[in-house]
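Chain by chain, the residues:
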Amino acid sequence: MLILTYLKMMWRFSRSRSLLFAGLLVLSSVTQSIGLVLLVPLLAALQKSQTETSGVVGMIVDALSFVGIPITLIGLLSTFLALNILRALINYSQTIVSERFRLELLDDLRTKSFNAMLEARWEWLTTQKKSDMSNLLVTEIGRLGSALMFSVRFIVSTFSIAAYIIVAFSLSFPLTLAAMVLGGGLFFAMRRQHKLAHDQGKLLSIANRQVQQTVEEGLSGIKLIKILRSENRQSQLMLEIRSLLRKRSLQFTHLNAAMTFIFQILVAVFMVTLLYIGVTSFDLTLPTLLILVLIFSRLSPQIREVQTQINNILHSDSVLSNYTNLMRDAGAAREETLSQNLGDKIQFNKSIKLSGVSFSYRTRGIPSLRDIDIEIPSRQTTAIMGTSGSGKSTLADLIMGLLTPDAGTIEIDGVLLDEENRLNWRKSIAYMPQDVFLFHDTIRNNLLWADENATDEELQKALKFASADFVFNLPEQLDTVVGDAGQRLSGGEKQRIALARAMIQKPELIILDEATSALDIENEARIRDTIDKLHDAITVIVIGHRLPTLENSDQLIILEDGRVKKAGKWADIMDTNG
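Every chain is numbered on its own, with residues counted from 1 as its sequence reads. Where local features are concerned, this predicted model is filtered to residues with pLDDT of at least 70; where side-chain atom pairs are given and counted, the filter is 80 or more; whole-chain, interface and lining totals use all residues. Computation of side-chain values covers all heavy atoms of the structure but excludes hydrogens and water.

Caption draft 1: Representation of unusual backbone geometry within the structure. Not every positive phi belongs to a glycine, and Gln477 is a case in point at roughly 50 degrees. Examined against the element boundaries, Gln477 turns out to sit in the loop between α16 (456-465) and α17 (491-504). The buried label applies to any residue whose accessible area, calculated with a 1.4 Å probe on protein chains only, is under 20% of its type's maximum; exposed applies above 50%, and partly exposed to all values in between. Exposure remark for Gln477: the relative accessible area of 37% places this residue in the partly exposed category. Even without being glycine, Asp561 reaches a positive phi, approximately 55 degrees. Here a strand is any run of E in DSSP of at least two residues, a helix any run of H or I of at least four, and the numbering for each starts at the N terminus. Relative to the assigned elements, Asp561 resides in the loop between β9 (555-560) and β10 (563-569).

Caption draft 2: The arrangement of α16 in detail. Burial in α16 covers these residues: Leu459, Ala462 and Leu463. When α16 is viewed along its axis, its buried side chains cluster within an angular range of 100 degrees and face the same direction. What points out from α16, more than 90 degrees from its buried face, is the exposed set Glu457 and Lys461. Any two residues whose heavy atoms approach within 4.5 Å at even a single point are treated as in contact. In the core, the buried residues of α16 are packed alongside α15 (443-448) and α17. This arc is built from the directions going out from the helix axis to the C-beta atoms.

Caption draft 3: Quick look at the pattern of salt bridges. Counted as salt bridges are all cases of a side-chain nitrogen of Lys or Arg within 4 Å of a carboxyl oxygen of Asp or Glu. Counted according to the given criterion, the structure contains 12 salt bridges. For Lys112, the salt bridge is made with Asp108, and the minimal N-O distance between the two is 3.2 Å. Of this pair, Lys112 and Asp108 are both found in helix α4 (residues 73-119), 4 residues apart, which corresponds to roughly one turn of the helix. Residue Glu119 is joined to Arg334 by a salt bridge in which the shortest nitrogen-to-oxygen separation is 3.4 Å. One end of the pair, Glu119, is in helix α4; the other, Arg334, is in the loop between α12 (317-332) and β1 (351-359), and 215 residues separate them in sequence. Counted as one network, the salt bridges with shared partners bring together Arg444, Asp456 and Asp479.

Encoded structure:
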């Protein structure tokens, strides 16, 4: 069944490639069969005995005579050589076609998986482990590609075995039938090993996920590890995880090696038995007997290869399940199509209004926000305060359209924020979190993520507006590489570049979520001055708890336990609460 699943995947990916591959398999098998049968009259010619003219051999001899090829030693040798050259060319083409097919299909699977993650709703993404998703993309789908290749090889081996059996039947039906019965019994005896291969594949998938998680967490927390002097602990953890992965891989290798060992011994016994029966019980000519010996000797490694291929395919069953589950779950949480033609940004001139908005994360038992009724006026600055866990960031995600309310509505100038306009609304928003993310690239390319068509003049203008003039004093200026996650820059420098990137978007709304909480007084003042310059031009929402950044806000909203505790003008609330 697994092999059929892989064949369906290949068929759906490219019918023309699948048909081409199948055609090459048929041609390879036909030339192989003819070449083997041709050995009978060839050996007879070498013995200078009567050429056999009965059955399949006779049909081929008659066909050669019909096309003008003399049934002589030279004629038969030339034909045999031509057939082998043709088969070699077919096998060469088959190898190239199958490998290209596999690689392109693998790229397609990775692209579909990655796009499914990109298109999924933010709420679903927050429930997933990044290490599991990256493990699927980098490692597991690679194993899936190996399974696809083993499926292809299985088909090749099956065609080859079929060709050998057809020739063998044409030479001796009872002896070939006996060989098939013995081979079927041997194949059935190996079914327990197939189950072991399937179970070991699941364990290997778990080990791969653990390795990916350990690597990502170790690299992300390497600064903390060095501060805590925990290098040995992290190294030991990595060693333990890698040892487990090595153990799982070796278990499968041992299984395949044991199967090959047992198979080779049993096949040798079967071969001796069949040859004894052929010599003592059937009246076979020497050429026919020699060809049967050749066929059976070639069948042995082919059947052993099929056993190995089945093991490897079953070993990758867990990967196929992981891929299928991801595509199903991400598809159910699908938000958009990458090729979808989105409209223009949504502009608003009055306010963003939240009425009776409530929201709960599926993994939590209590609501994060309850009955939120607020209005955020256009072209003004609104501050949102609250203790940790009060729902500030969740409120920002709802306003941005990343999350959908469980109850209540969000309106932009009276227009309901729904599935139809959510994506266009998000194009109108710039978001700046506390932990700024910068790509390991140049400052220029980091800024161009906001608008890939922005000119250098626009980039420079945005940097000056965000008080990021330090860029022009760097040796490479805009072409300076910022390092992994921007680690070559200070916290304040990263924040100002992120703010410049936000400005390049020309947003209708900018949300600063604790964007200044980790900055010193000087850098916080720079960000605050930039916010002040945005007044009357862009709607600003500032989420935080440090008063210097918030005190010039027009409106203040205080959250507590997911509810609005206070909302109103900054001066009125501060006069009341101090």
